[in-house]
Amino acid sequence: MDFVLATSELGSVAITGDAIAQIVGLTAAECYGVVGTKRAGKLARFRIGSRATRGIEVSGDESGVSIALHVVVEHGLNLAEVATGVRERVLYELERMVGLPIADLEVRVDRVRGR
């Protein structure tokens, strides 16, 4: 799915859902307490490429982009604070880098990594 960023008489500029997912994944990797993402029963540590987008679902319509982010959090941390921090950071970076309206961003803590 492509999201149009700008249009003119010369054409348009668009970004794919995969590119948005990669921005979300790389941003989440920088957040305190997040050690990876989770999808289909597998833990994906953050790496450039397809693994950076595992556990991230991007969809959208004319009202904006909807994102579901499934994270794995380090044991012993306040899960609500980590999830809130991830959500705020991802929203900020998406607005700064892409400028698309975000209709929904859901951060789900799917697993806690033990020591």
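Just so we're clear, the structure is a prediction, and the values are computed from it rather than from any experiment. The residue numbering used here restarts from 1 in each chain and proceeds along that chain's sequence as written. The predicted origin of the model limits local features to residues at a pLDDT of at least 70 and limits the giving and counting of side-chain atom pairs to 80 or more, whereas totals for whole chains, interfaces and linings rest on all residues. Hydrogens and water are ignored here; the side-chain numbers use all heavy atoms of the structure.

A. Local environment of helix α1 (residues 17-29). Here α1 is 13 residues long and its end C-alpha atoms lie 18 Å apart, about the 18 Å a rise of 1.5 Å per residue gives. Throughout this description, buried means an accessible area under 20% of the type-specific maximum (1.4 Å probe, protein chains only), exposed means over 50%, and partly exposed covers the range between. Comment: elements are numbered from the N terminus, with helices defined as DSSP H or I runs of at least four residues and strands as E runs of at least two. Restricting attention to buried positions, one finds in α1 the residues Gly-17, Ile-20, Ala-21, Ile-23, Val-24, Gly-25, Thr-27 and Ala-28. A helix is expected to span 1.5 Å multiplied by its residue count minus one.

B. Representation of the pattern of salt bridges within the structure. Counted as salt bridges are all cases of a side-chain nitrogen of Lys or Arg within 4 Å of a carboxyl oxygen of Asp or Glu. Taken as a whole and judged by the stated rule, the model has 5 salt bridges. The residue Glu-30 makes a salt bridge to Arg-89 at a minimum N-O spacing of 2.7 Å. A residue pair is termed long-range when its members are at least 10 positions apart, and Glu-30 in the loop between α1 and β3 (34-39) and Arg-89 in helix α2 (residues 79-97) qualify at 59 residues. Judged by relative accessible area, which is 53%, Glu-30 ranks as exposed.

C. Representation of the side chain of Glu-93. By the secondary structure assignment, Glu-93 is in helix α2. In contact with Glu-93, not counting residues within four places along its chain, are Thr-27 and Val-98. In what follows, residue pairs with any heavy atoms lying within 4.5 Å of each other are defined as contacts.

D. Here's a closer look at the nonpolar core. Throughout, nonpolar core names a set of buried Ala, Val, Leu, Ile, Met, Phe, Trp, Tyr and Cys residues whose side chains join them through atoms within 4.5 Å. Ranked by internal contacts, the top residues of the largest apolar core, which has 24 residues, are Ile-20, Val-24, Ile-67, Leu-69, Val-86 and Leu-94. Elements supplying a minimum of two residues to this core: α1, β6 (64-74), α2 and β7 (102-113). With residues near it in sequence (within four places) discarded, Ile-20 still touches Phe-3, Ile-15, Val-58, Val-65, Ile-67, Leu-94 and Leu-100.

E. Representation of the environment of His-70. As for its position among the elements, His-70 is in strand β6. Spatially, the C-alpha atom of His-70 lies 6.0 Å from that of Asp-110, the residues being 40 residues apart in sequence. When sequence neighbours within four positions are dropped, the list of residues in contact with His-70 reads Gly-36, Thr-37, Lys-38, Gly-55, Glu-57, Arg-108 and Asp-110. For this analysis, a polar contact is any N or O atom pair within 3.5 Å, provided that within protein one partner can donate a hydrogen and the other can accept it, and provided that sequence-adjacent residues contribute only side-chain to side-chain pairs. Of note is the side chain of His-70, whose polar atom sits 3.3 Å from the side chain of Glu-57.

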